[in-house]
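Listed below are the residues making up each chain.
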Amino acid sequence: MLTIKTGPFNDQKPGTSGLRKKVTRFQTPGYLENFVQSIFDVAEDLRGGTLVLGGDGRYYNDVAIQTILSIAAANGVAKSIVGQGGLFSTPAISNIIRKYKAQGGIVLSASHNPGGPNGDFGIKFNGQNGGPASEAMTNAIFETSKIITHYKTLQAEDIDLSELGIFTLGDMVVEIIDPVKDYAELMESLFDFAAIKDWTADNHSLCFDAMHAITGPYAKAILKDTLGAPDKALMNCTPLPDFGGHHPDPNPIYAKDLFDKMMLPDGPDFGAASDGDGDRNIILGRGGFVSPSDSVAVLAANAHLVPAYKAGLTGVARSMPTSAALDRVAQKLGIAHFETPTGWKFFGNLLDAGRISLCGEESAGTSSDHVREKDGLWAVLMWLNILAVRRQSVKEIMLAHWQEYGRNFYARHDYEAVETEKANAVMAHLRAQVSDLAGKGFGSEVVKFADSFTYHDPIDGSVSENQGLRVGFESGSRFVMRLSGTGTVGATLRLYIERYVQGPAGLEEDHTAVLEPILQIAKEISDIEALTGREHASLVT
Ligand code: G16
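Cut-offs used in this document
Residues numbered from 1 in each chain as written. Predicted model: local features only at pLDDT ≥ 70, side-chain atom pairs only at ≥ 80, totals over all residues. Heavy atoms only, no water. Helix = DSSP H or I, 4+ residues; strand = E, 2+ residues; numbered from the N terminus. Rg over C-alpha atoms; globule rule 2.2 N^0.38 Å. Buried < 20%, exposed > 50% of the residue type's maximum accessible area, 1.4 Å probe, protein only. Contact = heavy atoms within 4.5 Å. Domains from an automatic or database assignment. Buried area = accessible area lost by both parts, 1.4 Å probe. Phe/Tyr/Trp six-rings, centres within 6.5 Å; stacked < 30°, edge-to-face > 60°. Lys NZ or Arg CZ within 6 Å of the ring centre and 35° of its normal. Core = buried A, V, L, I, M, F, W, Y, C linked by side-chain atoms within 4.5 Å. Pairing = 2+ DSSP bridges. Axes fitted to C-alpha atoms, helices over the stretch in contact; angles between N-to-C directions. Near = heavy atom within 4 Å. Polar contact = N/O pair within 3.5 Å; in protein donor to acceptor, adjacent residues only side chain to side chain. Areas by Shrake-Rupley, 256 points an atom, 1.4 Å probe, with all protein chains shown as cover. Parallel < 35°, antiparallel > 145°, perpendicular 65-115°, else oblique. Nonpolar A, V, L, I, M, F, W, Y, C, P; charged D, E, K, R; others polar.

Caption draft 1: Examining the overall build of the chain more closely. When its secondary structure is counted, the chain shows 17 helices and 27 strands. Whereas a compact globule of 541 residues would reach a radius of gyration of roughly 24 Å, the chain reaches 23 Å, a difference of no more than 12%. For the C-alpha atoms alone, the extent of the chain along its principal axes is close to 70 × 60 × 40 Å. Among the 541 residues that make up the chain, the fraction classed as buried is 58%. Within the chain, contacts between residues separated by at least 24 positions form 71% of all contacts whose residues are at least 6 apart in sequence.

Now the structure itself:
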């Protein structure tokens, strides 16, 4: 065993979902090692315990796994469970941690960010509930990374990750397992696979785009081999270290081929895509896509049609910037609903305490209490199970939903790679005004409330401040502004616009026009155009 000197790195502050940086930053000698040693220093249960390890297969995944295994062995980890080829989707890791009662897991991914030698890499620690480490633990890992001077490692031959089986590294056992099998079994236990098979066999077509990322092997095993979808239903299902040169981000720009296919008059009945590490999902029907905020609301309203949730949901939760469509379903079902800050870790306590059984975010994440991560393929299977039972098209289901609950028109405007000082200036300008906005009129809208969102965790009492600035209007419309915690270049400002409409007007097709008045008010109050020098967002989803 070796103890090697390493200097502290002050930029190892994990963001919304772990530490994400350019691959070249992770290649700096000692950089990855410093963060990994900090994890082992803080997560003391790992000494003598079991660690689960794997990633989305992006460039540097294989190198990082060998580095982490050597540090784990030197830090007294008794056993590491690694996905074959170093692969695991994020929800699959969560399942393995829970199923095999491991003390934690390390997930290697930068999610939907691009990969390759000049792309992004990331690392995240998940605790023994299978979910992202809490704020307190994340902060402790960061503080440790700023002061440690050494890391421990074992000098040994690399483990061959391509072979299933049990190996040893020093005193540590390394078990290489099939990354798909346990996850596929979990899915089969939740859904009515026979009904979905019947739906597929009954002349219904589906299309799933894995974006050359981790869900390829999972989709092949579940959608094709088990549920009988034909080869042509699977797009880009071979994982590649650089995702074929694309961003594995399931949005209309990066999943354009899928979106184009779904807009054809004779396109598939159902379409979906996932992201780099398999935790996000986007859902489409022929002729249109379902906004993630609507999708989680529809899943909640129809969950009783799916075997795992037929007894009903205990409660639901959404992140603050996600539209309130889910709240309307919860109110009708008479169950609790919670509003948490952005970041999946905030759902963990509510799920562990049994207060919620389904949750979701506007950023294309949806999941339930079956794991402690968001789960892309789970959302796809929820939709398929619901389609198989209701025997209606995606469009018919959406129209019926809006008729019943009213519609929360919604859009997110991202201003990407803004110079950090300019992005901070926009936030500061808006923050300075929020306390004075209530009662002020803007055209036909009157501000009802404006604040900086603070979350009081109802389970452990922890308080998370400054989780985004929100301005709500008497009409029920609102806008929210916050800085993304997942970008790797400059700062990304996110502006979320929402407008609630009841009755036939809720079926309006031009949702941009419906949201325009609120967008203009948001621009006026925040002065985002003048302060950033940008006339438009870089991406609207
Ligand atoms: C992560 C988090 C999500 C969050 C998303 C976007 O997802 O797990 O909870 O909504 O980032 O965060 P931000 O708006 O701060 O960029 P993922 O899929 O990137 O791991």
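Caption draft 2: Representation of the environment of Gly472 within the structure. Summarising the element assignment, Gly472 is placed in strand 24 (residues 469–473). Sequence separation between Gly472 and Leu483 is eleven residues; the distance between their C-alpha atoms is 19 Å. For Gly472, the contacting residues outside a window of four places in its chain are Val446, Val447, Lys448, Phe449, Ser477 and Arg478.

Caption draft 3: The arrangement of the domain arrangement of the chain in detail. By the assigned domains, the chain splits into domain 1 (2–179), domain 2 (183–405) and domain 3 (407–540). Relative to domain 3, the C-alpha centre of domain 2 lies at a distance of 26 Å. Listed as interface residues are 29 residues of domain 2 and, on the opposing side, 24 residues of domain 3. Interface of domain 2 and domain 3: buried area, both sides summed, is about 2300 Å²; carbon and sulfur atoms make up 57% of it.

Caption draft 4: Region of the structure containing the packing of aromatic side chains. Enumeration according to the criterion identifies ten aromatic pairs in this entry. Between Tyr60 and Phe121, the ring centres sit 5.4 Å apart and the planes meet at 85°, which makes this aromatic pair edge-to-face. Placement of Tyr60 in the loop between strand 3 (50–55) and helix 3 (61–74) and of Phe121 in strand 6 (residues 120–126) is noted, with a sequence separation of 61 residues between them. With respect to class, Tyr60 is no different from Phe121; both count as buried. Put simply, the rings of Phe9, Phe26, Tyr31, Tyr60 and Phe121 pair up and form one aromatic cluster. For Arg328, the ring lying beneath its charged end belongs to Tyr500, and the centroid distance is 3.4 Å. Stacked on the ring of Tyr405, the Lys or Arg Lys332 has its end atom at 5.3 Å from the ring centre.

Caption draft 5: Summary view of the nonpolar core. Core analysis: the biggest nonpolar cluster contains 73 residues, and Phe270 and Trp378 have the highest contact counts within it. Top element by residues in this core is helix 13 (residues 376–390). It accounts for eleven residues. Both domain 1 (2–179) and domain 2 (183–405) contribute no fewer than three residues apiece to this core. Discounting chain neighbours no more than four positions away, the residues touching Trp378 are Tyr183, Met187, Leu190, Phe191, Leu299, Tyr309, Leu358, Thr366, Ser367, Ser368 and His370. Counting residues in each nonpolar core, the second largest holds 39 residues, with Phe9, Leu19, Ile123 and Leu154 among its members.

Caption draft 6: The sheet that holds strand 10 (residues 206–209), seen in detail. Read from one edge of the open sheet, five strands run 11-10-12-13-14, paired in mixed fashion. Each of the sheet's edge strands pairs with one partner strand only, and the pair in question is strand 11 (234–235) and strand 14 (288–290). Of the pairings in the sheet, the one linking strand 10 to strand 12 (residues 270–274) comprises four bridges and is parallel in character. Residue pairing for strand 12: Phe208 is matched across the bridge by Ala272.

Caption draft 7: The sheet that holds strand 18 (residues 365–368), seen in detail. The sheet built from four strands is open, its strands ordered 16-15-17-18 with mixed pairing. Among the strands making up the open sheet, the edge pair consists of strand 16 (336–340) and strand 18. For this sheet the average axis-to-axis angle between neighbouring strands, irrespective of direction, equals 15°.

Caption draft 8: Region of interest: the environment of Leu351. Tracing the backbone through its elements, the reader meets Leu351 in helix 12 (residues 345–352). Looking at Leu351, the relative accessible area reads 4%, which means it is buried. The spatial distance from the C-alpha of Leu351 to the C-alpha of Val371 is 9.1 Å, given a sequence separation of 20 residues.

Caption draft 9: Representation of the site of the ligand in the model. Around the ligand, 19 residues are found, and the nearest of them are Thr16, Glu361, Ser484, Thr486 and Arg494. In this structure, Ser111 approaches the ligand through a side-chain N or O atom, which is 2.8 Å from an oxygen atom. Out of a free accessible area of 470 Å², the ligand has 99% covered by protein chains.

Caption draft 10: Highlighting the side chain of Arg470. You can see Arg470 is positioned in strand 24. Taking the relative accessible area as the measure of exposure, Arg470 reaches 14% and is therefore buried. Separated by 3.3 Å, the side chains of Arg470 and Glu339 make a polar contact. Engagement of the side chain of Arg470 in a polar contact is seen with the side chain of Asp451, the distance being 2.7 Å. Setting aside anything within four residues of it in sequence, one finds Arg470 in contact with Met320, Glu339, Phe449, Ala450, Asp451, Phe453, Phe479 and Val480.

Caption draft 11: Seen up close, the packing of helix 10 (residues 292–302) against helix 14 (residues 394–405). Close contact between helix 10 and helix 14 brings their axes to 11 Å; oriented N to C, the two are set at 85°. Viewed along their axes, helix 10 and helix 14 adopt a mutual orientation that is roughly perpendicular. Note on element contacts: helix 14 touches helix 10 through Ile397, Met398, His401, Trp402 and Tyr405, opposite Asp294, Ala297, Val298 and Ala301. A breakdown of the residues in the contact of helix 10 with helix 14 according to their chemical character gives seven nonpolar, one polar and one charged.

Caption draft 12: Broad picture of the pairing of strand 21 (residues 445–452). As paired elements, strand 20 (residues 441–442) and strand 21 share two bridges and run antiparallel to each other. Bridge pairing in strand 21 places Gly441 opposite Val446. Between the antiparallel neighbours strand 20 and strand 21 lie two residues, among them Gly443 with a positive phi of about 60°. Pairing geometry for strand 21 and strand 24, over five bridges, is antiparallel. Residue pairing in the sheet places Val447 in a bridge with Phe473 of strand 24.

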